[in-house]
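# Structure assessment
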Amino acid sequence: MSHFPNIAYNIVAIGASAGGQKPIIQILSALPADFPAAIIIVQHMSPFYPSRLAHILRRHTKLPVEQASGQIMRPGTVYTYLQDRHLIVDANGSLCLLESPKMNSVRPSVDKLFMSVGLNYGIRGIAVVLSGCGRDGALGMIAMKKYGGTTIVQDETTSEHFDMPLAAIETGKVDFVLTPEMIANRLSRLVMTESVA
């Protein structure tokens, strides 16, 4: 993508459910202001209430935060989901909001996001699964590895609900199992120290 800097990773996709807001905040608050990749966040929430995640995260990160609305991603920007819409990214860097059927009984689906990142960005994508109930994200991890992406999950000791991280681990497609603080450190090392060959 020509509007991204010459870095090895363009996108960090983060998926979470119950208990996920705390580790999301921990990760974003630890990332530096010059973190160059775009970050896309999907979390399972009630479809009947507007998402306030973008408002909350602005108080905890040096990075600009926007709610997804069909815009083209910019480097170093955090994008949050819209309630009751799948959130995916296309090959041109546009964030797309879909009313297609639920996946894993949820909308937005972490799997949908990860699959789109894997398909369109391959080795330039990183997927992160945080605390949550159910198995959403596991199929997305398989897709990420199929296309060469990097995969990370939150460890059991810091997860309020370990179902989603465990389901991802059980696929055998997870590269790192880390605490939120270590996830932030790993993301910084991967994105900010590795350049495109």
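To keep things clear, this report deals only with the structure shown in the data block. (Residues numbered from 1 in each chain as written. Predicted model: local features only at pLDDT ≥ 70, side-chain atom pairs only at ≥ 80, totals over all residues. Heavy atoms only, no water.)

Strand order in the open sheet formed by seven strands is β3-β4-β2-β1-β7-β8-β9, with parallel pairing between adjacent strands. Either end of the sheet is taken by a strand with one partner, and the two such strands are β3 (65-67) and β9 (176-178). Direction aside, neighbouring strands of the sheet carry axes that sit 20° apart on average. As paired strands, strand β8 (residues 150-154) and β9 are joined by three bridges and run parallel to one another. Paired with V153 across the strands is V177, a residue of β9. Relative to the sheet, helix α4 (residues 138-146) contacts β7 (125-129) and β8, its axis offset from that of β8 by approximately 150°. Its contacts with the sheet put helix α5 (residues 163-170) on β1 (11-16), β7, β8 and β9, and the angle it makes with β8 is roughly 140°. (Pairing = 2+ DSSP bridges. Helix = DSSP H or I, 4+ residues; strand = E, 2+ residues; numbered from the N terminus. Axes fitted to C-alpha atoms, helices over the stretch in contact; angles between N-to-C directions. Contact = heavy atoms within 4.5 Å.)

Quick look at the side chain of E66 now. Its place among the elements puts E66 in strand β3. A polar contact of 2.9 Å, which involves the side chain of E66, links it to the side chain of Q71. At a separation of 2.4 Å, a polar atom in the side chain of E66 contacts the side chain of R74. In this structure E66 touches A54, R58, Q71, R74, T77, V78, Y79 and T80, once residues within four positions along its chain are discounted. (Polar contact = N/O pair within 3.5 Å; in protein donor to acceptor, adjacent residues only side chain to side chain.)

Okay, helix α1 (residues 21-30) next. When we look at burial in α1, the residues that qualify are P23, I24, I25, I27 and L28. Check the buried side of α1 and you find it contacts β1, β2 (38-43), α2 (53-57), β4 (78-80), β8 and α6 (180-193). (Buried < 20%, exposed > 50% of the residue type's maximum accessible area, 1.4 Å probe, protein only.)

Taken as a whole and assessed by the stated rule, the structure comprises six salt bridges. Between R135 and E170 there is a salt bridge; the shortest N-O distance is 3.6 Å. Of this pair, R135 sits in the loop between β7 and α4 while E170 sits in helix α5, placing them 35 residues apart in sequence. Assessed through its relative accessible area of 54%, E170 is described here as exposed. It is possible to trace a salt-bridge network through shared partners that takes in D84, R85, E99 and R107. (Salt bridge = Lys/Arg side-chain N within 4 Å of Asp/Glu carboxyl O.)

When two helices pack together, their arrangement is captured by the angle between the axes and the distance separating the axes. One way to put it is that helix α3 (residues 110-121) packs onto α4 with a least axis distance of 7 Å and a crossing angle of 5°. The pairing of α3 with α4 is recorded here as roughly parallel in orientation. The residues of α4 that touch α3, namely those facing D111, F114, M115, V117 and G118, are A138, L139, G140, M141, A143 and M144. Residue composition of the contact of α3 with α4, grouped by class: eight nonpolar, two polar and one charged. (Parallel < 35°, antiparallel > 145°, perpendicular 65-115°, else oblique. Nonpolar A, V, L, I, M, F, W, Y, C, P; charged D, E, K, R; others polar.)

With respect to the helices and strands, S188 occurs in helix α6. For S188, a relative accessible area of 16% gives the class buried. A C-alpha to C-alpha distance of 20 Å links S188 and A16, two positions 172 residues apart in sequence.

To continue, consider the side chain of Q43. Relative to the assigned elements, Q43 resides in strand β2. Given the relative accessible area of 4%, Q43 is considered buried. A polar contact is formed between the side chain of Q43 and the backbone oxygen of S17, at a distance of 3.1 Å. In this view, Q43 contacts A16, S17, G20, Q21, I24, L53, Y81 and P108; residues no more than four positions away in its chain are not counted.

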